[in-house]
Amino acid sequence: MAGTQEIKPRIRRILSRELPPGLLEALPKHWVRIGDVLILPIRPELEPYKERIAEVYAEVLNAKAVLRKGHIHGETRKPDYELLWGSDTITVHVENGVKYKLDVAKVMFSPANVKERVRMAGVAKPGELVVDMFAGIGHLSLPMAVHKKARVIAIEKDPYTFRFLVENIWLNGVQDIMTPYNRDNRDFPAEDVADRVLMGYVVRTAEFIPKALSIAKDGAIVHYHNTVPEKLMPEEPFATFKKVAGDYGYEAEKLNELVIKRYAPGVWHVVVDIRVSKKGEQNL
């Protein structure tokens, strides 16, 4: 595929014959590609021409569908994207040797989190048991199973997203070591089972800390994600986790902390790696 510097002039050349000259500078200079689906930011002044613009970008970039960039909403993090061109928004996105099948219009997937997905493949250990509390389509836990042969319990509440989680497990050939559950993780009955717990959620993640502690073995590692106002960093989000853990009889040791991306103006998506131990047992 042609590089970005070759693509932009071609798009500009085609649309220069159809758009008023003053609007050419408003054309999207960046886009997100997930599989063969594009997500474009369309400015309001381009509204009358949005379908044609999407068609040209799809033609030049060899995409089968184009969505207008929107927002992520609700408890299950559903995208709110407008379909501008094409009809089939189900695709397979390949990243770091992992295949992710999803409906880009209806299932959240953030290409900006790629470094964290790659990192998870590296931190996992063969044979350890990982419980992914917010599995989605397998964003964080598929790399662990594919690259390190970690055993994974993947919990996803949303039925439509769960469909793709199941497909991805088989698509990546890890059905013998990765088990999906379509339920709210707070209703998951297992306790004291996980060597590692993934909490790949944001905004309300602190509400789920008690469940993560109950799932974790003594000495397990929790990968705790949350969104944090910049003014509360670097104390947060670890301070909240440590307090809740203490209230439930656990010690929390911060091993690592990374900023993943900007979530909103003045707010960052952060992940903290935390070792949890039951009080009075960490030295046994």
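Treat the numbers as computed from the prediction; the structure is a model and nothing was measured. (Residues numbered from 1 in each chain as written. Predicted model: local features only at pLDDT ≥ 70, side-chain atom pairs only at ≥ 80, totals over all residues. Heavy atoms only, no water.)

Enquirer: Pulling in residues and values, what's your account of the overall build of the protein?
Expert: Along its length, the protein carries seven helices and 13 strands. Seen through its C-alpha atoms, the protein measures out along the principal axes to roughly 75 × 45 × 30 Å. Across the 284 residues in the protein, those meeting the buried criterion constitute 47%. By sequence separation, contacts in the protein at least 24 residues apart represent 62% of the contacts at least 6 residues apart. Accessible surface, the protein: about 13,500 Å² in total, of which carbon and sulfur atoms supply 53%. Charge-centre separation for the protein: the mean point of 42 positive side chains lies 3 Å from the mean point of 38 negative side chains. (Helix = DSSP H or I, 4+ residues; strand = E, 2+ residues; numbered from the N terminus. Buried < 20%, exposed > 50% of the residue type's maximum accessible area, 1.4 Å probe, protein only. Contact = heavy atoms within 4.5 Å. Areas by Shrake-Rupley, 256 points an atom, 1.4 Å probe, with all protein chains shown as cover. Lys, Arg positive; Asp, Glu negative; His and termini not counted. Charge placed at Lys NZ, Arg CZ, Asp CG, Glu CD.)

Enquirer: Now, about the nonpolar core: what can you tell me, with residues and values included?
Expert: The nonpolar side chains of a soluble globular protein tend to be buried with one another. Counting residues in hydrophobic clusters, the biggest one holds 32 residues, and the most contacted among them are Leu102, Val104, Ile137, Met144, Leu165, Val174 and Met178. Elements represented by at least two residues in this core include exactly strand E2 (37–40), strand E3 (65–73), strand E6 (98–103), helix H4 (141–148), strand E8 (151–155) and helix H5 (159–171). Not counting residues up to four positions away in its chain, the partners in contact with leucine 165 are Ala135, Gly136, Ile137, Gly138, Ala154, Glu156, Met178 and Pro180. Among the nonpolar cores identified, the runner-up in size contains 31 residues, and Phe208, Ile215, Tyr224 and Ile274 belong to it. (Core = buried A, V, L, I, M, F, W, Y, C linked by side-chain atoms within 4.5 Å.)

Enquirer: Go over the sheet that holds E3, please, and point to the residues and values.
Expert: Reading across the sheet, the four strands line up as E1-E2-E3-E4 and stay open at both edges, with mixed pairing between neighbours. Two strands close off the open sheet at either side, each with one partner strand: strand E1 (32–34) and strand E4 (78–85). Strand after strand, the sheet turns through a mean of 35° between neighbouring axes, direction not considered. Both E2 and E3 contribute to a ladder of four bridges, which runs parallel. Across the sheet, the residue bridging to leucine 38 is valine 66, located in E3. Sheet contacts for helix H2 (residues 50–61): E1, E2, E3 and E4; angle to E4, the most-contacted strand, approximately 90°. (Pairing = 2+ DSSP bridges. Axes fitted to C-alpha atoms, helices over the stretch in contact; angles between N-to-C directions.)

Enquirer: I'd love a proper account of the environment of tyrosine 248, names of residues and values included.
Expert: Topologically, tyrosine 248 is positioned in the loop between helix H7 (238–247) and strand E12 (250–264). The spacing of tyrosine 248 and histidine 73 is 175 residues in sequence and 31 Å in space, taken between C-alpha atoms. Residue contacts for tyrosine 248: discarding those within four places in its chain leaves Pro210 and Leu213.

Enquirer: Can you explain the sheet that holds strand E13 (residues 267–278)? Please cite residues and give values.
Expert: Read across the sheet, seven strands follow the order E9-E8-E7-E10-E11-E13-E12 without closing on themselves; strand pairing throughout is mixed. Because the sheet does not close on itself, it has two edges, and the strands there are strand E9 (178–181) and E12. Averaged over all pairs of adjacent strands, the angle between their axes in this sheet comes to 15°, without regard to strand direction. Bridge count for E12 against E13 is twelve bridges, and the pairing is antiparallel. Looking at the pairing, glutamate 257 lines up with valine 272 of E13. Sheet contacts for H7: strand E10 (194–199), strand E11 (216–229), E12 and E13; angle to E12, the most-contacted strand, approximately 145°.

Enquirer: Which residues make up the side chain of glutamate 95, and what values do they have?
Expert: Tracing the chain through its elements places glutamate 95 in strand E5 (residues 90–95). A polar contact of 2.6 Å, which involves the side chain of glutamate 95, links it to the side chain of arginine 117. In this structure, glutamate 95 is in contact with Tyr100, Phe109, Val114 and Arg117, ignoring residues within four places of it in sequence. (Polar contact = N/O pair within 3.5 Å; in protein donor to acceptor, adjacent residues only side chain to side chain.)

Enquirer: Hey, could you go over the packing of aromatic side chains for me, with residue numbers and the actual values?
Expert: Counting across every chain of the model gives eight aromatic pairs. Their ring planes at 85° and their centres at 5.8 Å tell us that tyrosine 201 and phenylalanine 208 sit as a pair that is edge-to-face. Side by side, tyrosine 201 and phenylalanine 208 carry an identical accessibility label, which is buried. In textbook terms, an aromatic cluster arises when at least three aromatic residues are bridged by ring pairs, as seen for Phe134, Tyr201 and Phe208. Above the plane of the ring of tyrosine 160 lies lysine 106, whose end atom (NZ or CZ) is 5.6 Å from the centre. (Phe/Tyr/Trp six-rings, centres within 6.5 Å; stacked < 30°, edge-to-face > 60°. Lys NZ or Arg CZ within 6 Å of the ring centre and 35° of its normal.)

Enquirer: Talk me through the pattern of salt bridges; I want residue IDs and the actual numbers.
Expert: Enumeration according to the criterion identifies 24 salt bridges in this entry. With a closest N to O distance of 2.6 Å, glutamate 47 and lysine 50 form a salt bridge. For glutamate 47, a relative accessible area of 32% puts it in the partly exposed group. The partner of aspartate 273 in a salt bridge is arginine 119, and the shortest N-O contact between them spans 2.8 Å. Taken together, the residues aspartate 273 in strand E13 and arginine 119 in helix H3 (residues 114–123) connect sequence positions 154 residues apart. Using a relative accessible area of 6% as the deciding quantity, one classes aspartate 273 as buried. Since its relative accessible area comes to 18%, arginine 119 is described here as buried. A single network of salt bridges, built from pairs that share partners, joins Glu47, Lys50, Arg68 and Glu82. (Salt bridge = Lys/Arg side-chain N within 4 Å of Asp/Glu carboxyl O.)

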